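Structure at a glance
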Amino acid sequence: MAHRKGHVWTAGKLDFLERYLPAFQLACKQFWPTESEPEHSNTYYVDGFSGPGTNQIGSSVRRGSPLIAASVNPPFRKAYFVEKMVQPYRQLVENLQTPELSDRSDRIEVTRGDFNALVDQILASRRPGLPTFFFLDPEGLELEWSTVEKIGRAGRADLFILISAGGVTRCAGSPPTHGSVTRFYGHEDWRPIADHMDPDHVIGQSKFDAFVQLYLKGLRGLGFDHVERYLVAKNSQNSSMHALVFAAKNRTALKIAEDILRKIEHEQQGAAPLFDI
């Protein structure tokens, strides 16, 4: 069985999801099943880069984001999982076919394809005005800004999103990949950061931090006012690779996330916090 390779910080990300998604459902209690629709909560989950459904972290294997979301109670009205690569897609389909999830098959939609090309279809299939949690965890710069814009304009939405600022730094230094950076941001305001004379710092910031802040500025422009906290994932050489951002349009969602993070940090007994300001 193939698993998605994870890192130490992957465990923290999954810990957060396991606790936040039930809390998200509780916060959306007003949208829970009704007499007319007793079998559905009226909330949605979208995982744009799902992987095979399991993560290999060191010698351990644990549930990935799709299996976590598919098991949440009450179930989402619909959970959408998108995976582009053939083998992870097939493995994900197999991993979701368990006795525990058999009564939820009509609430789970697994699609093979490019999330950027499928987002319109997914957004159109939701009932307007109902809350949706988007987990967007690409490997690099696959997530295009035009996709994020569509999500931001689609109403009630919270995001847990990976910003590969390390990938931006690499691609910004290579002209053949400049187009992917522009699609990632939706504009070319990244160029002054990339072209700064100091290769490591931009006005007291590292290029990594400056690229992250540029992305956060874009999220705020879409109405995600609460994007202050993010995890910085580093590689074995202690170089910054990615920032995982929690972006919400209301303070309540961020407060729930903060409460969960404090509990995780307390349990880690002084370990580095999952999210840093």
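Residues numbered from 1 in each chain as written. Predicted model: local features only at pLDDT ≥ 70, side-chain atom pairs only at ≥ 80, totals over all residues. Heavy atoms only, no water.

**Re the nonpolar core**
Within the largest apolar cluster, 83 residues are counted, with the highest numbers of intra-cluster contacts made by Y20, L21, F115, F133, Y215, L219 and F246. Here the element with the most residues in this core is helix 9 (residues 207-221); it accounts for 8 residues. Residues in contact with L219, not counting those within four places in the same chain, are W145, V148, L159, F224, V227, V245 and A247. (Core = buried A, V, L, I, M, F, W, Y, C linked by side-chain atoms within 4.5 Å. Buried < 20%, exposed > 50% of the residue type's maximum accessible area, 1.4 Å probe, protein only. Helix = DSSP H or I, 4+ residues; strand = E, 2+ residues; numbered from the N terminus. Contact = heavy atoms within 4.5 Å.)

**As for the pairing of strand 12 (residues 240-247)**
Remark: a regular strand shows side chains that alternate across the two faces of the sheet. The buried fraction of strand 12 is high, at 6 of 8 residues. Relative to strand 12, strand 8 (residues 157-163) runs antiparallel, the two sharing 5 bridges. Paired with I163 across the bridge in strand 12 is A243. (Pairing = 2+ DSSP bridges.)

**Points about the confidence of the model for the protein**
Mean pLDDT over the protein stands at 85; residues scoring 70 or higher make up 83%. Confidence drops under a pLDDT of 50 for residues 270-277, and excluding neighbours within four residues, the segment shows 22 contacts in the predicted structure. (pLDDT = per-residue confidence, 0-100.)

**Thoughts on the side chain of H226**
Relative to the elements of secondary structure, H226 occurs in the loop between helix 9 and strand 11 (230-234). Residue class for H226 comes out buried when judged on its relative accessible area of 15%. Excluding its chain neighbours within four sequence positions, the residues that come into contact with H226 are F246, A247, A248, K249, N250, R251 and L254.

**Focus: helix 4 (residues 115-125)**
Taken together, the buried positions of helix 4 are F115, N116, L118, V119, I122 and L123. Seen along its axis, helix 4 keeps its buried residues to an arc of 145°; they face one direction. What points out from helix 4, more than 90 degrees from its buried face, is the exposed set A117 and A124. On its buried side, helix 4 packs onto strand 2 (44-47), strand 5 (78-83), strand 6 (108-112), strand 7 (132-136) and helix 5 (145-152). (Arc of directions from axis to C-beta.)

**Re the sheet that holds strand 3 (residues 54-57)**
Spatially, the 3 strands line up as an open sheet ordered 1-3-4, and their pairing is mixed. Every interior strand has two partners, whereas the edge strands, strand 1 (4-5) and strand 4 (60-63), have only one. Bridge analysis of strand 1 against strand 3 gives 2 bridges, and the strand direction is parallel. Within strand 3, the position partnered with R4 by the bridge is N55.

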